[in-house]
Amino acid sequence: MVQVTPFFLVLSLALGAPQLLVEKCNLTGNWTNDLGSNMTILAVDEKGNFAGLYNTSVADHPNKIQQSPLVGFLHLTNPIDQPTFGFTVNWAFSESTSVFTGQCFLDKDGKETLKTIWLFRHHMNTTEDNWAGTLVGTNVFTRLRKQE
Ligand code: BTN
């Protein structure tokens, strides 16, 4: 006879395991922001260095949007539960560069939120136009779940 209860116990542990394996505020994984942009942060190394890919949902350039590389640092010194971080996106479809800095916050249920501020630098042709070259804003990122 099939042992139904142990079977479902093992099944639920197996299905829940990926969630348990996510190290909070490690940043590794898939994120989405309030503009609908998505980014993937690949493994964060022992020094806090990381790389990833950014898919912006919006652009200030007529070219077709392309996935773009990012590199950054996660601050690993104590306290590490809600670390600060920074990263740069080198836009693959324009001459622009964006830098983001922020902090990962954990709410009482353990949900992670990345509160960021960014600077976006356009390419300008002359120093006279330099004043118009930079935009600033904020983005809030949450983990992108498969079913979302
Ligand atoms: C460009 O238009 O040249 C590159 C795309 C810039 C996208 C910006 S970066 C800050 C803001 N947050 C996003 O997710 N996208 C925009």
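Below, the structure is looked at part by part. (Residues numbered from 1 in each chain as written. Predicted model: local features only at pLDDT ≥ 70, side-chain atom pairs only at ≥ 80, totals over all residues. Heavy atoms only, no water.)

### Digging into the overall build of the protein
This is how it is decided: Starting at the N terminus, helices and strands are each numbered in turn, a helix being any DSSP run of H or I of at least four residues and a strand any DSSP run of E of at least two. Each residue is assigned to one of three classes by its accessible area relative to the maximum for its type, calculated with a 1.4 Å probe on protein chains only: buried under 20%, partly exposed between the two thresholds, exposed over 50%. Throughout, a residue-residue contact means that at least one pair of heavy atoms, one from each residue, lies within 4.5 Å. Accessible surface is estimated by sampling points in the Shrake-Rupley manner with a 1.4 Å probe; for residues, cover comes only from the protein chains shown.
Within the protein, the regular secondary structure consists of 1 helix and 8 strands. Seen in sequence order, the protein has helices and strands lined up from the N terminus as α-β-β-β-β-β-β-β-β. Within the span of the protein, comprising 148 residues, buried residues form 30% of the whole. In the protein, the proportion of contacts linking residues at least 24 apart, taken out of those at least 6 apart, comes to 40%. Of the roughly 9,800 Å² of accessible surface on the protein, a fraction of 61% belongs to carbon and sulfur atoms.

### Description of the site of the ligand
For clarity, the cut-off: Proximity is defined per residue: any heavy atom of the residue falling within 4 Å of a molecule or strand makes that residue near it. Counting of polar contacts relies on pairs of N or O atoms within 3.5 Å, with two restrictions inside protein: one atom must be capable of donating a hydrogen and the other of accepting it, and residues adjacent in sequence are counted only when both atoms are side-chain atoms.
Neighbouring the ligand are 18 residues; S37, Y54, D60, S94 and N139 lie closest to it. S37 is positioned such that a nitrogen or oxygen atom in its side chain is 2.6 Å from an oxygen atom of the ligand. Relative to its free-state accessible area of 410 Å², the ligand is covered by the protein chains to the extent of 96%. Elements that contribute at least two residues to the shell around the ligand include exactly β6 (97-106) and β7 (112-121).

### Notes on the pairing of strand β1 (residues 29-33)
The line we're drawing: If DSSP finds at least two bridges between two strands, the strands pair.
For β1, the buried fraction is high: 4 of the 5 residues fall into the buried class. The pairing of β1 with strand β2 (residues 38-41) spans 4 bridges and is classified as antiparallel. Considered in β2, the bridge of T32 is made with N38. Hairpin connection, β1 to β2: the antiparallel pair is bridged by 4 residues, and G36 has positive phi, about 90°. Here β1 pairs with strand β8 (residues 134-143) via 3 bridges, running antiparallel.

### Examining the nonpolar core
Rule in force here: Residues belong to a common nonpolar core when they are buried Ala, Val, Leu, Ile, Met, Phe, Trp, Tyr or Cys residues joined through side-chain atoms within 4.5 Å.
With 21 residues, the main nonpolar core has L27, M39, F50, Y54, F87 and L114 as its most contacted residues. Put simply, the parts of the chain that give this core at least two residues each are β2, β3 (49-55), β4 (68-74), β5 (84-90), β6 and β7.

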